[in-house]
Structures are given as structure tokens and as C-alpha cells.
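# Examining the three-dimensional arrangement
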Amino acid sequence: MLLQAVSALADVSASPAPGYSPTPAPAVFPLQGSGTTDYPYNGRNGPQPVATSAAQAMTPPPGAASPSPTPAPGFADVTADEVYGNSRPSGDMTALGHVIIRYQKYDILADAARYSGTTKIIRATGHVQFVSSTGDTATASALDYDTAKDQVSMFDVNGQTASIAVQGQQIRGALYYKARKAVVDSDGHTILYNGWVTTCDPAHVAFHITGREIEIRPDDRVIAHSSRLYLGSFLAAALGILVLPLSQKAGHRSTILPRIGYNSYYGFYEKNYINFYRSPSFYGTYHVDLYQKVGLGLGADIFFQGRRGGGELSMYLVQNSSRQRALTGARNAFNATLSYQHMFGQHLFGSVNANFVSNSGLFVALPSTASTNVSLTHVGGRSTTNYAFTATRSGSAIAVNGLISHTIAFTPTLSENVSASLQDTSNPSSTLSVYSRALSFMSDTHYTGRTFDADLVDQTNHGVQIATDATGNTTQTPVIGLNKVPELTLRTRQFQVQRFRLPLSFTLIDGLYDDEYDKVYTTRVEGDLQLGSAFYRIGQNGSFNATATLREDAYGTGDLQGALIQQYNLQEFFGRHFDDTLSYASQSVRGFTPLLSFDRLTSSEGVSDIFDVYNGSVYRFTASANYDFQHRFLSPINYQLNILPNPYASVSLGESYDPHGSGYSPLAVSLATPLGRNDYFEFAGFYDFKQHGVQGGTYFLQHTVGDCYQVRIAYRQPLREVDLSFNLLAFPSETAGFGINAQGPILPTSFEY
């Protein structure tokens, strides 16, 4: 413990102490515990090596009489103007004037220090300073070190530390704190009473959090009771119990600050997040949301992890307002989602996923839906078996599906996959009730060779559908599909014709097919010869590449179908700022296929051109168009301009021109740029020249206050939505995505029930 050094005062021989009483300790603030190093200032008598245990007091270390800049292991150096007392276990010791205690990597400085042999407590008073080699510092009016409990209490503390990591990530900058009292245990467990913390520069405190009691559990969590968030001097949120996970195991990012906004659907709204944290394996967030037009939202996201499994449970309840009840006819709307994974043993794994949404929508009543998926997977030395069950209900419609799949590797080159599924569906109604049952089976034997691969597939579908109308009349129809009984596929490895530098590959498919869609039962042989891709250099600035496929299908009905598929690309560079790519693609089909639902091919032919103008990464202009020879149709011409004037700003403009009468489309605009040092602006939308206005615009403005928190304002024109949120820059959990190119929107575009 960092303050074990101070116990050295108990073992220094000196004359009896004069009458001296320590300053009474006021109530205190918690502090990051001192470490394993204390060192003193060289006073009049020089540094005094002090034993931190009784055994060490009996036998001083070699060379202890001579000053040393670093104490020997287990010893502390104490320097003071005057030292009084005795070294007996029950004796008292007092050090006065320029007291410095050095132990491992910590310094404790004070005007006076006293050790009580009765209470085993060291009291340091007067201009108490604490300094760590890691850069952590603190000042206090008094410090108590209980040598029996190995516990430090500091009073009227002001300090700073950078030794805080949130979920495995170091915070940005330092954490500054104040407290009336701080209690630090030997394991680093700290409690701040009447605490105050911030990550802003103390000279410009843009935000701070207060708490009646702030508890820091190293590598676990921070818990603040009766906490409040202030932006400047403005009370932004009464957070109640604030829980901030510190453990890297708690991968879920916690949202701390409330979110407020307005849109045309919900009216004004406020979303509040109350975090709880029992351990790295059980934590979550409670939701208390207010919607002006919809009602009150209450929910919880719970994350749990056991020795063999874990998952997530989310629940959300909306108590509808009178307006919402009139629209939907429901008093409440509720949804719940459960996801759980479990490991039964070394080879058996399972998972459960369930979802429920009650019968209410945003403006009208909707049928409730529920779904459940249960799966088991057994992994052996050479085989894997999956069992899955799925049940879904939407209103009165019910669907149940069961699946079994087994894969086994007989050898490194030979494997087999067999799967079977059974699906039942029913949809009763007053006018027409429909019930169906279908059974599917598939077997795939796969062989991997040095020169070719092969698959032997059997695939069948069987079933029946029964429909009953309001008069009781029943109609049965078979569930139809395409059956392969069987199909053999051979695929050669790619080889090359060296003379033409042309790679080739060949595929042969032979099978017996039952096409229940078109009532056709026939054999079929398909051969595919693929040439390319071939690449050739043309001059110094051009290149040409091509691919072609020759395909021929032969059927037991006597029908034949053939196809020639070609694609050619010619690219030419003009200097350092221009290039043009001309592409031609065609598919020429001849003959007839009786299996229209399986392999019907159609002819096509077209050309496309892409023209680029650019200057490094500063700007790029692209124009592209396509022409369909078969339909004699020119597609709209597309234009795109991207500009990066500096590493922090970008502009993107895009539109198209339709030569068939509609003319130019609205101009798509995407803009991102800083506005001074502390502001950043983003916009995405369309400018309609015909309407002379912006359509579908989304605006984001971000303002950074004091380099320690951000104010974010978002406006979405289609929803007429304004959203205000805050981001504490120091905490990784609060660096959620923001802006057009972020991981996700600031506010979900769909309502959360």
C-alpha cells in the first residue's frame, strides 16, 4: 500500500515528544490510493530509514545509516526538522517541520505527522501533499493512515489522476476531483464523500458531476449516489444513481446523459438512462422516456453472464396517452427481446432468441407478433449436427419450423451434408382459412480433388396446402418445388493456355429434375466453359481485360439451349488527371428450355462508359452512362463530384440527367466541414431546382465546450425532428457515433415498441 511508508514513524528512535496535538480531521473526500513508494525531503538530520514491520525494526538493512535516494524494499525514508518519540510497539512518534515520507513510488509531504501506538494511526496535518510517480497528485488538510487496516483517509481533498480506464480504454486527459473526505483501501477501493469530479481543465470547468457518495471499485465500476450533472453552473440532469462500468468484460456501452428533442410523430420527448451495475456479469440500463403525443415509456436493458452462458434481455412499455389510446384503441404497448447462449459441455452449445411486440402501432392498432428460435449445435471431431426450432405468430397466423442438419467429414477430401426441415403454417380467418405443411430434404456429398471438385445433390420438396372458405368448401393443392433426384456437378481447377495467357475452367452438371411448377420431369446436362479473365497491356497508358463463358444445356425432352456470355473492358489514361473506361457486355441465348422456373436465360447487350477527372485526393469528377442495344435505350447520365479541400472537410455533389424528357434530377448534396475550432457541421439532402428548395435535408451541428464535452444538435427535415444530445469526451462509453458517416443515427427513426 502506498502509505505503508508512513508506518516507519513508529520505529524511529528519538527523544520524548513535547506536548503536541494533531489538527482535528474534518470530514473527507476519497482519493486514488497512494502506491508503493514514499520518499522524504532531506531535512536537518538527513533521511531516516524506517522499518515497515517489527522484524525489520530489529535488524536494519546494510548501509541504512548513509542517505540513499531510494529506500530498500520494505523500508521508508522519513525526513523532518524534528522527530520525537520512542520505538516501542506502543510508543508514540511525532515529526515536525518539512515532513517528507518516501515509500516506493509515492511522496507524502506535510507540516507535521504523528504516530499513535495505541490506535496504530498516523496523522499528517498541515499542507498535506500527495505525489505519485505516475503523475497523480492531491492536496488535503489532513491525512490519516490506519496501519492495522492498511487504509488511508484524506480530508478536504483536491486532486487529479489519469490512472482510470473505462472498459479497457484509458480516459482522455485526467480526472480532477474534490471531496470532503476520501477513504482509500489497500486494494485501491475508494469512496469519496460529498464528491465532485470532472475531466475538464480546472481553470475552465465546462462540466462536473457531484455525488453524496462516489465509490470507485478498481477494474469493476464507479457508483455515484445522489449524483448530478452540471454544465457550467447549470444543472443539466439529476442522475440519481450513476453507474459507470470500468471492467473490460462489460462490453456494453452505457449512455449516461439524457436526450431531448422534438418530431412530428412524438412531439417533444425526453429520454433518460439510469444505469445499474452489480458486477461485470450483471449490469444494464433502465429507461424512463417522456413523449408528448404518445405517453410514458419505461424499459430496461439487462446484460448477464454466467459460468456457462450469457445473454441480453430488453423490455419496453409505453403507457399510451389519451390521444394515443384514441388512435390505437390500446392502453399500453409492450415489446421484449431475449437473446441467450449457453455452453452445455465441450461439444454441445445452445441458444435461445425470443421477441414479442404487443398489439399496438404508432397511429393504428396492429396485431401482436411473437417469435422464438431455439437451436442446439453438437461439434464432434469430424462432424457437426444442428437442431433448430422456430415458432412465429402474427395475429392469428402461426408458423412452426423444425430443422436438422448434419455434416460429417469422412476424409480430408470427402464430406457429406444432410438436412431435413418440416414447416407448418396456419392462417384462420372468417372468410378463408389456410393450412399448409411442407417437408424438405437435401443431401450433398462433396469431393475435393487436386484437379476438380464434385458435388452429388439430392433435393426434394413435398407438402400440401388446404384452404377452407366461409361455406365450408375445402380445396387441397400440393406444395410445389423443384426436385433434384439427383444432380452431379463437376468443376475443374482453373488452368492456363500459356501461348495466349488465357486461363480456362470447365463445369459439367448432369441431373434428373422434377419441376412441379411447370409439370416437367426430365434429365438435363449443362456444360460451361469459362475463358478468362485475360489481361493485356495496350501501349503505355491503356489496358484491356476480357471474360467469356460458353454454355450449352441439353434436356431429355430433346430441347437444347445455348448461351454465349461476354464482357470486355478497355481503360485508357490521359496524362495524370484523366481516365476513361469503356465496357461492353452481352449475353446471346439460342434454343429453348422446358425448365422455365430453373434456368431460363434471356439475351442482353449493352455498353457503358465511365469518365474520371481528378487531382490526387483533392477532387474527383465522374460521369457515367449506359446504353442498351437490345431495347435501344440510353440510361440517365450520372454525375458525381467529390472534393476534399482539407483533411477535415468534404463536399459531395451528385445528380443525373434523363435524356428522355424529365431532365435533371434534384442535386444530392453531402457536406462536412469545421466551423472554427470548436464547431463541426454536416449536411445531407437534395436541392430541387424545380422547387427551388432543399428536400429531405438532414443537418448536424456539433459544438465542443472546453475540450471536455460536446453539444450535438440534429434536425431531420422529413420527420420535422430536432434532437439535442451531449457527449462527455473523456469517457469511451460516451463517444457514440454522430453525424452522417457515423455508426448509427443519433435518434432511431422507428419508434421503440
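Refer to the preceding data block for the structure.
Residues numbered from 1 in each chain as written. Predicted model: local features only at pLDDT ≥ 70, side-chain atom pairs only at ≥ 80, totals over all residues. Heavy atoms only, no water.

### With respect to the overall build of the protein chain
Rule in force here: Only DSSP runs of H or I with at least four residues qualify as helices, and only runs of E with at least two residues qualify as strands; both kinds are numbered from the N terminus onward. For each residue, the accessible area found with a 1.4 Å probe, counting protein chains only, is set against the maximum for its type, and the residue is called buried under 20%, exposed over 50%, and partly exposed in between. We call two residues in contact when some of their heavy atoms are within 4.5 Å. Each accessible area is a Shrake-Rupley result for a 1.4 Å probe, and residues are judged covered by the shown protein chains and nothing else.
Looking only at helices and strands, one finds three helices and 48 strands in the protein chain. Residues classed as buried in the protein chain amount to 40% of the 753 residues present. In the protein chain, 47% of the contacts between residues at least 6 apart in sequence involve partners at least 24 apart. Only carbon and sulfur atoms are counted for the fraction: they give 57% of the accessible area of the protein chain, which is about 38700 Å².

### A look at a nonpolar patch on the surface
In plain terms, the rule: Patches were defined on residues exceeding 30% relative accessible area and lacking a salt bridge, with like-charge contacts within 9 Å and nonpolar side-chain contacts (Val, Leu, Ile, Met, Phe, Trp, Tyr) within 5 Å. Here, a salt bridge means any side-chain nitrogen of Lys or Arg that lies within 4 Å of a carboxyl oxygen of Asp or Glu.
Residues L675, L701, I713, Y715 and V722 make up a contiguous nonpolar surface patch of roughly 380 Å² in combined accessible area. With respect to the helices and strands, the residue I713 is situated in strand β47 (residues 709-716). A relative accessible area of 40% places I713 in the partly exposed class.

### Side note on the pattern of salt bridges
Here the structure, examined in full by the defined rule, presents 14 salt bridges. A salt bridge links D599 to R551, with the shortest nitrogen-to-oxygen separation between them at 4.0 Å. Within this pair, whereas D599 is found in helix α3 (residues 596-599), its partner R551 is found in strand β35 (residues 542-555), the two being separated by 48 residues in sequence. Each member of the pair, D599 together with R551, is buried. It is possible to trace a salt-bridge network through shared partners that takes in R524, E526, R551, D553 and D599.

### Overview of the environment of L550
Tracing the backbone through its elements, the reader meets L550 in strand β35. For the pair L550 and L529, spaced 21 residues apart in sequence, the C-alpha separation works out to 5.1 Å. In this structure L550 touches G527, D528, L529, A563 and L564, once residues within four positions along its chain are discounted.

### Considerations on the pairing of strand β34 (residues 520-538)
What counts, and what does not: Only strands joined by at least two bridges in the DSSP assignment are considered to pair.
Both strand β33 (residues 502-515) and β34 contribute to a ladder of 12 bridges, which runs antiparallel. In the sheet register, D510 faces β34, and the bridge partner there is V525. Across 14 bridges, β34 lies against β35 in antiparallel orientation. Looking at β35, one finds that D528 is bridged to R551. Connecting β34 to the next strand, β35, in antiparallel fashion are three residues, including G539 with a positive phi near 65 degrees.

### Concerning the nonpolar core
Basically, it comes down to this: As used here, the term nonpolar core means buried Ala, Val, Leu, Ile, Met, Phe, Trp, Tyr and Cys residues forming a set that is joined through side-chain atoms within 4.5 Å.
Membership of the largest hydrophobic core comes to 48 residues, with the highest contact counts inside it found for M154, F207 and Y709. At five residues, the largest contribution of residues to this core is made by strand β12 (residues 175-184). Not counting chain neighbours up to four residues away, the residues in contact with F207 comprise T198, T199, C200, L229, Y230, L231, G232, C708, Y709 and L728. Y266, Y269, V294 and A333 belong to the second largest nonpolar core, which has seven residues in total.

### Looking at the side chain of K484
In this structure, K484 sits in strand β31 (residues 482-492). The exposure class of K484 is buried, given its relative accessible area of 15%. Sequence-distant contacts of K484, that is, excluding residues within four places in its chain, are made with V457, D458, Q459, L512, Y513 and F598.

### A few points about unusual backbone geometry
With omega at -10 degrees, the peptide bond leading from V485 into P486 counts as cis. In this fold, P486 is placed in strand β31. Of the consecutive residues G532 and S533, the connecting peptide bond is found in the cis state with omega at 15 degrees. For S533, the location among the structural elements is in strand β34. We note that S226 has phi near 50 degrees; this positive angle belongs to a residue other than glycine. On the secondary structure map, S226 appears in strand β15 (residues 221-231).

### Regarding the pairing of strand β25 (residues 383-394)
Bridge count for strand β24 (residues 369-379) against β25 is 11 bridges, and the pairing is antiparallel. Paired with T377 across the two strands is N386, which belongs to β25. Count of turn residues in the β24/β25 antiparallel hairpin: three residues. Here β25 runs beside strand β26 (residues 397-409); their pairing, made up of 12 bridges, is antiparallel. Looking across to β26, one finds that R393 is bridged to I398. Counting the residues between successive antiparallel strands, the hairpin from β25 to β26 contains two residues, one of them, G395, with a positive phi of roughly 65 degrees.

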